[in-house]
Each structure stands twice: as C-alpha cells, then as structure tokens.
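Chain and residue survey
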Amino acid sequence: MTRGYAEVIGDPIAQSKSPAIHGFWLGQLGIDADYRACRATSQGLADYIAARRGDPLWRGCNVTMPHKQAVMPLLDRIDPAAAEIGAVNTVVREPDGSLAGYNTDVAGFLEPLREALARPHLYRMARIIGAGGAARAIVAALAGAGFTLVLAARDPAKARALLDELAPRGEHHVASLAHFAAATDFAFDDREGLLDLVVNASPLGMAGQPPLQFDFSHAPPRSVIYDIVTDPLETPLLREARARGFATIDGLAMLIGQAAAAFEKFFGQPAPRAHDPELRALLTS
C-alpha cells in the first residue's frame, strides 16, 4: 500500500459504520486515501499502537469500545479537552511523528442539539443511562451546556465518581438501572420552557446486547430521546419513543458529527457535510 490511511479500532469492530462514512467523504472529495476497520483486542492494543507508529502512511485512528481510556497512556500527548474528559476517541499522527489523542465525541454528541441549545431555557435536565467511555464525553458535554444530570449505572458508586470527577460543581444525581426500569407515579410539572433529555449512553439495545429496560413514565412531557447505539439504528428505545410521540435522535447523528471532526484531522480537509442526506441514505440502505 502506498496510499495514506486511517482506521477505526475496537473489539468488536465488524459492525462499525465508520469505514463507510469516511470512505464516502474521501470519494466525494477525491482524496487518494483509505479508511478501514481493524479489530484490536485489549491484550493487543499496545502492540497495535507500536506497529502503527512505525508506518509512515498511517494517519491515525478512531477509537471505540473498549479502548477509549486504555489507549491514553500509549500516546505522546493528550489534548486538554480529552484529558479533562478522561477518554480519547481519535488518535492522530502529528507532523513530527508523535501521536496525539483527541475527543471528538463531545462535538459529535452536541451537534444535533445545537438548535435547541441556542434557545434559552428555564431549566435543563438530562437522564443519562450508562457510565462508560461514551458517557464520560456526554456528561462533560451536557454539564457544560447547563444541564442538571441524573446518571444511571449498574454501579451507582461508579456513576457518582464520574459525576464528581467531570461535573463537580452541579447538583447532579445518580440512580441504578433498575430505577429507570421500574414505573414511577411521579407527576411532572408543566415543562414549557424546559429542555429534558433521555440519553442511552450504554451498549444496551445494541445487536448482541440485552435491550435497555426503560419505563417511559420517567420521561417528562416534551422530552427528547437520544440513543447513541448505531447497530441497530432503530433501537427498541427509539421505536417506543416515536410511538409515544417523543422527539428522537438516533446514533448516526453523533457518529457522523464526531467522524467529521476526526476526518479533518486525518485528511486535512473538512468533511463534505452538504452530502449528509446522501450519506444517511447509504448507511441505512
């Protein structure tokens, strides 16, 4: 191979849509480069990074589960925003050959919420399911956007530690997954002028994983239901939310948004976002 290339790494990785996204953009821009998927196990992660260091054609990689934290000690430099979040999803070979870690998940997650966030609200609240690597970026993003957070995890102590680390100044709360799985008779007040989110930041609902158990009595009226799972794109959570009349955001929104930020770092040109409808059609066909 004589062409430059970038990759996405993770375990598993076969289901990743990133090669299709980046390949589409490379074709639109006529860039002579490749983007592919590479399975890297937890035991093989250090060897993967060491091998790619020695390949001058390698531009970098996107990092997905379960490596977003484990990859950090293997790099030469961590961008301050990624260091604050404590997770890296993009590794870039810099001009001097060093490897730098970035986090584009924050920008990708917030992108489909921009219009809503541009409006003033009396109060913003988000119920977030999951406390893994993706949740770290989401907690940081929403805390920075003025949300009060309720973070649910199998281990509430892990959720509390994450909130104390990433959002220490807010009056945030933790819950168990079982809390949101069981019905509540809580009577929500008038939500006019408020912004409520329910975010699945866990792998629950992903192909091969159990479904997310979420009782919609916990979703206030006018909530936006946001599921970052991309396989399947139409998760049971989103299907039920739409049936109940909630606004929804699927995992492609975050995936495409974070990929665009990484694409420019890898290939030196902005992603051609004017073609998003065509890209979505390709990814969902």
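Before any of the text, the structure's been laid out above.
Below, the structure is looked at part by part. (Residues numbered from 1 in each chain as written. Predicted model: local features only at pLDDT ≥ 70, side-chain atom pairs only at ≥ 80, totals over all residues. Heavy atoms only, no water.)

Considerations on the layout of surface pockets
Going by this rule: Only protein atoms enter the 1 Å grid, on which a cavity is a set of points fitting a 1.4 Å probe that cannot get out and a pocket is an open set with protein on both sides within 12 Å along at least 5 of 7 lines, lining residues being those with an atom within 4 Å of a point. Grid points are joined across faces, edges and corners, and a volume is the space filled by probe spheres set on the points. To qualify as a helix, a DSSP run of H or I must reach at least 4 residues; to qualify as a strand, a run of E must reach at least 2; elements of each kind are numbered from the N terminus. Each residue receives one of three labels: charged for Asp, Glu, Lys and Arg, nonpolar for Ala, Val, Leu, Ile, Met, Phe, Trp, Tyr, Cys and Pro, and polar for the others, Gly being one of them.
There is about 1,100 Å³ of room inside the largest pocket. Among the elements of the structure, strand 3 (58–63), helix 6 (133–144), helix 7 (156–166) and helix 10 (251–267) are those that each provide at least two residues to the lining of the largest pocket. When the residues that make up the lining of the largest pocket are grouped by side-chain class, the tally is 22 nonpolar, 16 polar and 9 charged. Here the second largest pocket defines a volume of roughly 240 Å³. Looking at the second largest pocket, it is lined by 15 residues, and the ones nearest its centre are Glu84, Ala140, Ala143, Leu166 and Arg169. Those elements giving two or more residues to the lining of the second largest pocket turn out to be helix 3 (80–85), helix 6 and helix 7. Ranked by residue count, the leading element in the lining of the second largest pocket is helix 6, at 4 residues. Class assignment for the residues of the lining of the second largest pocket results in 9 nonpolar, 3 polar and 3 charged.

Concerning empty space enclosed by the protein
One pass over the structure, following the stated rule, counts 1 cavity of 30 Å³ or more. Lining of the largest cavity is provided by Asn200, Leu204, Gly205, Pro211, Leu212, Asp227, Thr235, Pro236 and Leu237. Per-class residue counts for the lining of the largest cavity are 5 nonpolar, 3 polar and 1 charged.

Description of the environment of Gly101
The following threshold applies: Under the scheme applied here, a residue whose accessible area is under 20% of the maximum for its type counts as buried, over 50% as exposed, and between as partly exposed, the area being computed with a 1.4 Å probe on protein chains only.
Examined against the element boundaries, Gly101 turns out to sit in strand 6 (residues 99–102). Among the residues examined, Gly101 registers a relative accessible area of 0% and is labelled buried. Along the backbone, Gly101 and Arg39 are 62 residues apart, and their C-alpha atoms lie at a distance of 19 Å.

Quick word on the sheet that holds strand 7 (residues 123–129)
The line we're drawing: Two strands are counted as paired when DSSP detects at least two bridges linking them. Helix axes use the C-alpha atoms of the stretch in contact, all axes being lines fitted to C-alpha atoms, and the angles between their N-to-C directions lie in the range 0 to 180 degrees.
Taken in spatial order, the 6 strands of this open sheet run 9-8-7-10-11-12, and their pairing is parallel. Of all the strands in the sheet, just strand 9 (173–176) and strand 12 (247–249) have a single pairing partner and so form its edges. Strand-to-strand twist in this sheet, taken as the mean axis angle between neighbours without regard to direction, amounts to 20°. Across 4 bridges, strand 8 (residues 148–153) lies against strand 9 in parallel orientation.

Regarding the pairing of strand 3
Across the 6 residues that make up strand 3, a large majority, 5, are buried. Inspection of the sheet shows strand 3 paired to strand 5 (residues 90–93) by 3 bridges, in the antiparallel sense. In the sheet register, Asn62 faces strand 5, and the bridge partner there is Thr90.

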